[in-house]
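Structural description and commentary
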Amino acid sequence: MRQGDISKSENSVGSKLIPFITTTVLYFSLIQHTERSTIPSTVLKCMPIYSLLFFVILTDFKHAKAKRYKMRILGGLLFSSLGDLLLNYDLFEAGMGAFGIAQVFYILAFGMKPLKIWIGVLLYACGLLATSLFYGNLNSVIKMCLPFYAILLLTMCWRSLARVEGTRNYLRVMCGFCSVLFVISDGIIAFDKFYVPISAAQTYIMVTYYVAQVGITLSINDYQTDDSPIKTQHSIHSRTKIQKTKSS
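1. Examining the overall build of the chain
- Within the chain, the secondary structure is distributed over 10 helices and zero strands.
- The buried share among the 248 residues of the chain stands at 42%.
- Considering only residue pairs separated by 6 or more positions, the chain has 76% of its internal contacts joining residues 24 or more positions apart.
- On the chain, roughly 13600 Å² of surface is accessible, and the fraction owed to carbon and sulfur atoms is 69%.

2. Brief notes about the packing of helix 5 (residues 92–110) against helix 8 (residues 170–194)
- Closest axis-to-axis distance for the helix 5/helix 8 pair is 14 Å, and the angle between their directions is 165°. Considering their axes alone, helix 5 and helix 8 lie roughly antiparallel with respect to each other. Every pair of crossing elements has a handedness; the one defined by helix 5 and helix 8 is left-handed. Contacts between helix 5 and helix 8 involve F92, F99, Q103, Y106 and F110 on the former and, on the latter, C175, F182, I189, K193 and F194.
- Of the residues in the contact of helix 5 with helix 8, the class split is eight nonpolar, one polar and one charged.

3. Topic: the pattern of salt bridges
- In total, this model carries four salt bridges according to the counting rule given.
- For D90, the salt bridge goes to R36, with nearest N and O atoms at 2.9 Å. Separated by 54 residues along the polypeptide, D90 in the loop between helix 4 (64–88) and helix 5 and R36 in the loop between helix 2 (18–30) and helix 3 (39–58) bring together distant segments of the chain.
- The exposed category is assigned to D90, whose relative accessible area is 52%.
- Of the charged contacts in the structure, one is a salt bridge between R172 and D222, with a shortest N-O distance of 2.4 Å. Here D222 lies in the loop between helix 9 (201–218) and helix 10 (229–247) and R172 lies in helix 8, a separation of 50 residues in the sequence. Across this residue pair, the class does not change: R172 and D222 are buried.

4. Let's talk about the packing of helix 3 against helix 4
- Interaxial distance between helix 3 and helix 4 falls to 9 Å at its minimum, and their mutual angle equals 175°. The angle between helix 3 and helix 4 places the two elements in the roughly antiparallel class. Here S41, T42, K45, C46, I49, Y50, L52, L53, V56 and I57 of helix 3 lie close against helix 4, whose contacting residues are K70, I73, L74, L77, L78, S81, D84, L85, L87 and N88.
- Tallied by class, residues from the contact of helix 3 with helix 4 come to 13 nonpolar, four polar and three charged.

5. Thoughts on the nonpolar core
- I73, F110 and F182 are the most contacted members of the largest nonpolar core, which totals 49 residues.
- Elements that contribute at least two residues to this core include exactly helix 2, helix 3, helix 4, helix 5, helix 7 (140–162), helix 8 and helix 9.
- Of the residues forming this core, the biggest block, nine residues, is contributed by helix 9.
- Ignoring sequence-local partners within four residues, the contact set of F182 consists of F99, Q103, Y106, Y149, L153, M156, Y209, A212, Q213 and I216.
- Core analysis: the next-biggest nonpolar cluster, separate from the first, contains six residues, I119, L123, C157 and A162 among them.

6. A short note on the state of the cysteines
- If you walk through the whole model with that rule in mind, you get zero disulfides.
- Just so you know, C157 is unpaired, no disulfide at all, and the nearest cysteine sulfur is the one on C175, 9.6 Å from it.

7. Digging into the packing of aromatic side chains
- According to the stated counting rule, one finds 16 aromatic pairs in the structure shown.
- Here F79 and F105 contribute two aromatic rings whose centre-to-centre distance is 5.7 Å and whose plane-to-plane angle is 20°, an arrangement assigned as stacked. Placement of the pair is F79 in helix 4 and F105 in helix 5, with a sequence separation of 26 residues.
- Taking relative accessible area as the criterion, F79 reaches 25% and is therefore assigned partly exposed.
- Between Y124 and W158, the aromatic rings sit 6.0 Å apart at their centres with planes inclined by 80°, giving edge-to-face as the arrangement. Within this pair, whereas Y124 is found in helix 6 (residues 117–134), its partner W158 is found in helix 7, the two being separated by 34 residues in sequence.
- Here R159 stacks its cationic end above the ring of W158, 4.8 Å away from the centre of that ring.

Cut-offs and rules
- Residues numbered from 1 in each chain as written.
- Predicted model: local features only at pLDDT ≥ 70, side-chain atom pairs only at ≥ 80, totals over all residues.
- Heavy atoms only, no water.
- Helix = DSSP H or I, 4+ residues; strand = E, 2+ residues; numbered from the N terminus.
- Buried < 20%, exposed > 50% of the residue type's maximum accessible area, 1.4 Å probe, protein only.
- Contact = heavy atoms within 4.5 Å.
- Areas by Shrake-Rupley, 256 points an atom, 1.4 Å probe, with all protein chains shown as cover.
- Axes fitted to C-alpha atoms, helices over the stretch in contact; angles between N-to-C directions.
- Parallel < 35°, antiparallel > 145°, perpendicular 65-115°, else oblique.
- Left-handed = near helix turned anticlockwise from the far one by under 90°.
- Nonpolar A, V, L, I, M, F, W, Y, C, P; charged D, E, K, R; others polar.
- Salt bridge = Lys/Arg side-chain N within 4 Å of Asp/Glu carboxyl O.
- Core = buried A, V, L, I, M, F, W, Y, C linked by side-chain atoms within 4.5 Å.
- Disulfide = S-S within 2.5 Å.
- Phe/Tyr/Trp six-rings, centres within 6.5 Å; stacked < 30°, edge-to-face > 60°.
- Lys NZ or Arg CZ within 6 Å of the ring centre and 35° of its normal.

It is worth stressing that arrangement in space is one thing and function is another; only the former is reported here.
Next comes the structure, spelled out in structure tokens:
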């Protein structure tokens, strides 16, 4: 892919992110002037994620593997927006269920290769330690549901981090970093709600959450996911070198 084509692609991504940036600014500017569990606050909270849904829908791929990845990210965003709506009306258990389904979509998108099991072990150990701090403060329903959600969330983070191979593919590095932010965002919710109140918790939750979602969304432009011209040309070049070596 020529340098000009890359620049055009980056400009296209930037222009499609304008709705997300605009709605995020609106959220942080206006949310303090709205009441929780009302339509205005729900619209403000959900619009950035719907803007990312719009971004994904506008991004088109020709290859089946890239299309599958796109649809799974789309599913994750859709259920995330449902989770946002439910949490804004204080339907915590239902919201956690919607976000659990979102994590399943993200796990399916990231896949199970390479495995890098040590990342999963480390994340599960940290999750177990953190959950043990406030587990006794949970009601019976959340005691049953939260461990399942925590496993899904940490598995999503594990699978995202496992895809990072060095630092050459910045989209995968960013996606891995943003998956950690997703864990941090949900961790702040849990500690603020069940352990000790955190000053300005909602701001920290939403900042890390929105950054996490946009980083995961941008991973659909990962040319290693798509059979892009870069990857195709590299494959052709490699095959040509092998053929020349054999013939000589």
